[in-house]
Amino acid sequence: MKIFRIITLSSILVLTLNSCKKEGENLWKVEVKETAEKVEITDISKEFYNQNVPLDQFKAKFPWFQGTVSDEDFVKRRADAEEIKIYKEAIAKIDQNKLQRELQDLFSHIKHYFPKFKSPKVYLFSSVLQMVQDPIFYEPKENLVFIDITGFMGENNANYKGLELYFQKSMNPQNIVPKVSQIFAENSVAASPDHQKFVDQMILNGKIMILQDAFLPDFPDHLKMNYTQKQYEWAVANEANIWNYFVENNLIFGDDPRLVDRFISPGPFSKFYTEIDNESSPQIGIFTGWQICKSYFKEKPDTKLQDFLKMDATTIFNQSGYKPKLEE
């Protein structure tokens, strides 16, 4: 039996109308009274490929950038025409003023919930496509964020030839800020013990997604999930069917480690082992955990975020009252 729904124009219209209706009810739309420190963005590669900047001067300014590359190879790379071409194409796609404003807003929201938070220094750089699958990393000791701009050149970019399409769907400039936010959200949620039940995995990721809501209240939900709009619409349209599948197959409190690969890990789609798989959205377990956590806050809207993050998954699940209804 084909239980999942194909998205139609009418369902997309209903989804859009419902989204608009709920905007005014956004629990995370708060007044941020104390903004974070001004965000500084430095384009390392701009200076790296500038032949007017002496190598010694560059190395002194960015001592950690060279790594184990010899000076001789470093000089060659600085003049490499192909590297320069890729860098120029990548940086041209990014509105740095907009990025600065959005990061400022993100860090201010993080500071609102975590008062000790300090804005990190942000560095843009080109890895020449070497780090595109993991283009953002955070150095907590020095409070530095590094963004590989070649990881955000746009889906179907000619430079991404050979890279799986499902990776490319979140390799657009608009994905930068949500991915930066995700790193800080993940760092704010305590690690859970091994051998978790599926519900533990869903709630753990649901907590991260709730932090995405709190940190990015004005960003579209599909970007928080690294989804396309179409993938998000599929998940919303099939929410009740997904839940029904989990219930009927006794997966919610299951501890089969393969459930992580099927419904949590990145991939082109989720693995229900039905004819709908190729049409499904990936990481649907994360989406479901997010909805459970949203349902909890609908039941208990006065819960403080910090207290929520400390709660165990079973308590959140039991008190969420989560039970999406199947449509007739």
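Definitions and cut-offs
Residues numbered from 1 in each chain as written. Predicted model: local features only at pLDDT ≥ 70, side-chain atom pairs only at ≥ 80, totals over all residues. Heavy atoms only, no water. Buried < 20%, exposed > 50% of the residue type's maximum accessible area, 1.4 Å probe, protein only. Helix = DSSP H or I, 4+ residues; strand = E, 2+ residues; numbered from the N terminus. Pairing = 2+ DSSP bridges. Axes fitted to C-alpha atoms, helices over the stretch in contact; angles between N-to-C directions. Contact = heavy atoms within 4.5 Å.

1. A short note on the pairing of strand β4 (residues 144-148)
Then step 1. Of all 5 residues in β4, 5 are buried; the element is thus mostly enclosed.
Then step 2. Residue alternation in β4 divides its side chains into two sets, Leu144, Phe146 and Asp148 and Val145 and Ile147, and both sets are buried.
Then step 3. Across 4 bridges, the pairing between strand β3 (residues 136-139) and β4 is antiparallel. Along β4, the bridge assignment pairs Phe137 with Phe146.
Then step 4. Taking the residues that link successive antiparallel strands as the turn, the β3-β4 hairpin has 4 residues, and the phi of Asn143 there is positive, at about 60°.

2. Topic: the sheet that holds strand β2 (residues 121-125)
Then step 1. Read across the open sheet, the 4 strands follow the order β1-β2-β4-β3; overall the sheet is mixed. For this open sheet the edge positions go to β1 (41-43) and β3, each flanked by a neighbour on one side alone. Taken over all neighbouring pairs, the strand axes of this sheet differ in orientation by 20° on average, direction set aside.
Then step 2. Lying on the sheet, helix α8 (residues 176-188) is in contact with β3 and β4; it crosses β3 at an angle near 40°.

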